[in-house]
Amino acid sequence: MNKQKDKISTAVIRRLPRYLRALEDLENAGTERISSGELSDLIGYTASQIRQDLNHFGGFGQQGYGYNVGDLKTEIERILGMGRTYNMVIVGAGRLGQAINSFIASYKSDFKVVALFDINENVIGKVYSGVTVLDADSLEEYLKNNKVDIGVLTVTKEQAQTACNHLVAGGVAGIWNFAPIDLEGTEGTPVENVHLSDNLHSLVYYINHPEQN
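Quick look at the structure, then. (Residues numbered from 1 in each chain as written. Predicted model: local features only at pLDDT ≥ 70, side-chain atom pairs only at ≥ 80, totals over all residues. Heavy atoms only, no water.)

## Section: the packing of helix α2 (residues 36-43) against helix α3 (residues 47-55)
Geometrically, a packed helix pair is captured by the angle between its two axes and the distance between the axes.
Phase 1: Relative orientation of the contacting elements α2 and α3 amounts to 110°, with a least axis distance of 8 Å. One way to sum up the angle between α2 and α3 is to call them roughly perpendicular. Residue-level contacts link S36, G37, L39, S40 and I43 of α2 to A47, I50 and R51 of α3.
Phase 2: Broken down by class, the residue content of the contact of α2 with α3 amounts to 4 nonpolar, 3 polar and 1 charged. (Axes fitted to C-alpha atoms, helices over the stretch in contact; angles between N-to-C directions. Helix = DSSP H or I, 4+ residues; strand = E, 2+ residues; numbered from the N terminus. Parallel < 35°, antiparallel > 145°, perpendicular 65-115°, else oblique. Contact = heavy atoms within 4.5 Å. Nonpolar A, V, L, I, M, F, W, Y, C, P; charged D, E, K, R; others polar.)

## Let's talk about the pattern of salt bridges
Phase 1: What the rule picks out here adds up to 7 salt bridges.
Phase 2: Here D53 ties to R15 by a salt bridge, and the two come within 2.6 Å at their closest N and O atoms. On the criterion of sequence distance, the pair formed by D53 in helix α3 and R15 in helix α1 (residues 10-28) is long-range, its members being 38 residues apart. Here the two residues D53 and R15 agree in accessibility, since each one is buried.
Phase 3: Among the ionic contacts, a cluster of salt bridges with common partners joins E27, K73 and E77. (Salt bridge = Lys/Arg side-chain N within 4 Å of Asp/Glu carboxyl O. Buried < 20%, exposed > 50% of the residue type's maximum accessible area, 1.4 Å probe, protein only.)

## Considerations on unusual backbone geometry
Phase 1: A positive phi angle, close to 50°, is found at S129, a residue other than glycine.
Phase 2: Inspection of the secondary structure assignment puts S129 in the loop between β5 (127-128) and β6 (131-135).
Phase 3: Given the relative accessible area of 45%, S129 is considered partly exposed.

## Remarks on the sheet that holds strand β4 (residues 111-118)
Phase 1: Sheet architecture is open: 7 strands sit in the order β5-β6-β4-β3-β7-β8-β9, paired in mixed fashion. Among the strands making up the open sheet, the edge pair consists of β5 and β9 (191-193).
Phase 2: In this sheet, β6 lies alongside β5 in antiparallel orientation, the contact comprising 2 bridges. Bridge pairing links V127 to T132 in β6. (Pairing = 2+ DSSP bridges.)

## Examining helix α7 (residues 157-169)
Phase 1: Under the 1.5 Å per step criterion, the end-to-end length of α7 is 19 Å for 13 residues, consistent within 8% with the ideal 18 Å.
Phase 2: Among the residues making up α7, those that are buried are A160, A163, C164, L167 and V168. On an axial view of α7, the arc spanned by its buried residues comes to 135°, and they lie on one face. Among the exposed residues of α7, those pointing more than 90 degrees away from its buried face are E158 and A169.
Phase 3: In the segment just after α7, G171 is the residue with positive phi, at about 90°. (Expected span 1.5 Å × (residues − 1). Arc of directions from axis to C-beta.)

## Quick notes on the packing of aromatic side chains
Geometrically, a pair of aromatic rings is defined through the distance of the ring centres and the angle of the planes.
Phase 1: Applying the stated criterion to the full structure yields 7 aromatic pairs.
Phase 2: Where Y19 meets Y45, the ring centres are 5.8 Å apart and the plane angle is 90°; that geometry is what we call edge-to-face. Placement of the pair is Y19 in helix α1 and Y45 in the loop between α2 and α3, with a sequence separation of 26 residues.
Phase 3: Geometrically, the ring pair formed by Y107 and F111 is stacked, given 6.0 Å between the ring centres and 20° between the ring planes.
Phase 4: Y107 sits in the partly exposed class, given a relative accessible area of 41%. (Phe/Tyr/Trp six-rings, centres within 6.5 Å; stacked < 30°, edge-to-face > 60°.)

Function-wise, these values are silent; they only describe arrangement.
In structure tokens, the structure reads:
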């Protein structure tokens, strides 16, 4: 298999998880192989787009056969970096932070929330989905003594950049930001900014423009 030589576009990377979800469903249903055309019918991307995306990472299909579902799923997991445990901390143990913690606990074993942090004395010391809420003032010390791969931010807009800076300084590899502000990583730390309102606003647009559905 050939390794990609050029930088892969963000659009391609964002499509890979959708391929993975579809392949997981197919594997669970007992499907052994699928063509790019059949995969296109499932997820909505064109067959040509699917082939182009996968060709960035090597030749996974066979002419006249298509893709082996299990093999392709394994390859996409490898490309994404799955198959290992990513330790996570959540800064902000309010309702959103608790919901994300609960989601991760029931998601995949690749991800594990090891600590929650908050400034609210009413939640410090409480345990949510098996994870204890620690005082936010101890975040810096915690990061010094524990390996953390991903920092999750569910704090206010005003607190977000400072919390981000603490996470970066503490050596986290990436930041998943749910605060209502776009943050930039420093020192090469990637930041994934998530705005739940964007999806809601898009949905409202399509509700009010049925001709585009």
